[in-house]
Amino acid sequence: MSTISALRRQHDGAAKPDAAARRFQVYTQRDLDRIEQLEQLPEQTRFDMRVVASVLPFRVNAYVIEELIDWSRVPDDPIYQLTFPQRDMLSPGQYARMAAALHAGAPKATLQALAHELRAELNPHPAGQLQLNVPTDADGQDLNGLQHKYRETVLFFPSQGQTCHSYCTFCFRWAQFVGDKALRMASTEATRLHAYLRDHREVSDLLITGGDPMVMKTKHLAGYLEALLDPAYDHVQTIRIGTKALTFWPQRFVTDDDADDLLALLSRLVRAGKHVAIMAHYNHWRELSTDIAQRAVRRLRDCGAEIRSQGPLLAHINDNADDWARLWKTQVRLGIVPYYMFVERDTGARHYFEVPLARAWNIYRDAMQQVSGLGRTARGPSMSAGPGKVEIQGVTEIGGEKLFVLRFIQGRDPDWVQRPFFARYDERATWLDQLQPAFGDAAFFFEPAYRAMQAASVDGT
Ligand SMILES: *Cc1c(COP(=O)(O)O)cnc(C)c1O
Ligand code: SF4
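Quick summary incoming for the structure in this document. (Residues numbered from 1 in each chain as written. Chains lettered and ligands numbered in written order. Predicted model: local features only at pLDDT ≥ 70, side-chain atom pairs only at ≥ 80, totals over all residues. Heavy atoms only, no water.)

### Quick look at the site of ligand 2
Item 1. Near ligand 2 you find Cys-164, Tyr-167, Cys-168, Cys-171, Phe-177, Gly-211, Lys-244 and His-281, and these make up its full shell.
Item 2. If you map ligand 2 onto the pockets, it falls in the largest pocket.
Item 3. A breakdown of the residues in the shell around ligand 2 according to their chemical character gives five nonpolar, two polar and one charged. (Near = heavy atom within 4 Å. 1 Å grid on protein atoms, 1.4 Å probe; cavity = no way out; pocket = protein on both sides within 12 Å on 5 of 7 lines; lining within 4 Å. Sits in = over half its atoms within 2 Å of the grid points. Nonpolar A, V, L, I, M, F, W, Y, C, P; charged D, E, K, R; others polar.)

Structure, rendered in structure tokens:
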């Protein structure tokens, strides 16, 4: 009997069918009319949904609809806002154009062309992700599906993991879900990943990301990860897996056919001396409220994986300190380590979700003050911008000038990390590129070097 099935018996009792088991049932834009819970909403709201879902990706599953959303609180319910399209996610002009096309019964090709045009207005690839971070192999070939932005960490986008169990309305990777192949960053090639890691001894962390890699069957995940048990990869000490499956489909870790195999795989990596970290995306404490979500957390921890949590601060979903404090407290109780609070990125429906940096910092600070030291491990609010991850450390006054104190948590140049720097206070700014250097300086300290890096990259975007 393997450790994992023993663990499973311990938690789940005898091998009888699990009452929490569900078949994965998904709804996309075409299925909006089949979601019974939407029938209670006004006709106009449902039409608005169709309009927005014609431009931005939409996908939700029955577990989210039936167990996470409180339909008596719609439209304010945070999980509803997290998954269902809302009219104001498009600008009034964009909305009007798509609404008119749908009203007029425009042919599919026209709708698609319009959708394509509107998506291009929504900054589908923020922070120069495609161009600046794709590494090359020894022959100078681009290694698609890999990103190597920060020295010690390589990101890998396995092609089987480029979707999610549901989509978040604020997703910064939304562009790849609407079928635009040019925007995809995926790879099927385990051999190239392995070769790259063997050649790069400075890499201590591999981060498998998506979409959601936990959408993959365990056997595919094993194809990428098992090789790392070989001594040639001893420098790769940490394997991180970014996922929102603990929210959208916790069954993945409990009742799915290959759930036990998944835990056995992770356990094997842990026993071989790797640090396995599940980088869990959470936005709201309610995501952790179901029995199955908590069982999934327990099972992962029992196999020796750590769970760290990260997620953006979002208007309409979690823009208040009490919800963050409750989220962090719940996580600490369950053994999840709070890791990052992100600032919503400059893409997609950003104008709907964005929170000014000054307010974000106040929420962060107020939430921190409500939790014990074990909950204060979350850094932030942090912007994943072109030059690196920049944290708002605070607001202060020096020589009569009101300022933001900033620092790099991660930088394209490791030498930038942890150096405090200053920007003029701006109550409305929502992103790094809207901030001005303090003290009348012409540029932030990193800007000349960053510009040189951009100029040296393929197309400089
Ligand atoms: C956040 C991030 C990482 C990991 O950074 P840590 O500070 O080690 O968590 C790696 N690559 C990219 C592109 C990132 O955005
Ligand atoms: S889980 Fe992550 S990748 Fe998937 S839709 Fe949400 S934010 Fe995007």
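Moving on from the coordinates now.
### A few points about the nonpolar core
Item 1. Judged by nonpolar contacts, the single largest core of 117 residues is most densely connected at Phe-84, Leu-206, Leu-225 and Leu-246.
Item 2. Take this core: its biggest share by element is six residues, from helix H13 (residues 321–334).
Item 3. Those residues in contact with Leu-206 that lie beyond four places of it in its chain are Val-154, Phe-156, Leu-193, Leu-197, Leu-225, Leu-228, Val-236, Thr-238, Ile-239 and Arg-240. (Core = buried A, V, L, I, M, F, W, Y, C linked by side-chain atoms within 4.5 Å. Buried < 20%, exposed > 50% of the residue type's maximum accessible area, 1.4 Å probe, protein only. Helix = DSSP H or I, 4+ residues; strand = E, 2+ residues; numbered from the N terminus. Contact = heavy atoms within 4.5 Å.)

### Digging into empty space enclosed by the protein
Item 1. Under the defined criterion, the tally for this structure stands at four cavities of 30 Å³ or more.
Item 2. Volume-wise, the largest cavity comes out at about 90 Å³.
Item 3. What lines the largest cavity is a set of 15 residues, and nearest its centre among them are Leu-56, Pro-57, Cys-168, Thr-169 and Phe-170. (Points joined across faces, edges and corners; volume = space filled by probe spheres on them.)

### Examining the packing of helix H9 (residues 218–225) against helix H11 (residues 259–271)
Item 1. Closest axis-to-axis distance for the H9/H11 pair is 9 Å, and the angle between their directions is 15 degrees. Between H9 and H11, the interaxial angle falls into the category roughly parallel. Crossing of H9 against H11: the hand is left-handed. Within the contact between the two elements, H9 uses Thr-218, Leu-221, Ala-222 and Leu-225 and H11 uses Asp-261, Leu-262, Leu-265 and Leu-269.
Item 2. Split by residue class, the contact of H9 with H11 holds six nonpolar, one polar and one charged. (Axes fitted to C-alpha atoms, helices over the stretch in contact; angles between N-to-C directions. Parallel < 35°, antiparallel > 145°, perpendicular 65-115°, else oblique. Left-handed = near helix turned anticlockwise from the far one by under 90°.)

### Concerning the sheet that holds strand S3 (residues 146–150)
Item 1. Spatial strand order, S3-S4-S5-S6-S7-S8-S9-S10-S11-S12-S13: eleven strands in an open sheet with mixed pairing. Unpaired on one side and paired on the other, S3 and strand S13 (420–424) mark the two borders of the sheet. Strand after strand, the sheet turns through a mean of 30 degrees between neighbouring axes, direction not considered.
Item 2. Sheet topology places strand S11 (residues 388–398) next to strand S12 (residues 401–411); ten bridges connect them, and they run antiparallel. Looking across to S12, one finds that Ile-398 is bridged to Glu-401.
Item 3. Across the sheet, H11 lies against strand S6 (238–243) and strand S7 (275–281), angled at about 135 degrees from S7, the strand it touches most. (Pairing = 2+ DSSP bridges.)

### Some points on the layout of surface pockets
Item 1. Taken as a whole, the largest pocket encloses approximately 1,000 Å³ of empty space.
Item 2. Tallied by class, residues from the lining of the largest pocket come to 19 nonpolar, 17 polar and nine charged.
Item 3. Taken together, 24 residues make up the lining of the second largest pocket; nearest its centre are Gln-29, Arg-30, Ala-53, Ser-54 and Arg-119.
Item 4. Of all elements in the fold, only helix H2 (43–53), helix H5 (92–103) and helix H6 (108–120) reach the threshold of two or more residues within the lining of the second largest pocket.
Item 5. Here the lining of the second largest pocket gets six residues from one element, more than from any other, and that element is H6.
Item 6. Its residues assigned to classes, the lining of the second largest pocket comprises 13 nonpolar, five polar and six charged.
Item 7. Here the lining of the second largest pocket gathers at least three residues from each of two domains, domain 1 (3–120) and domain 2 (146–309). (Domains from an automatic or database assignment.)

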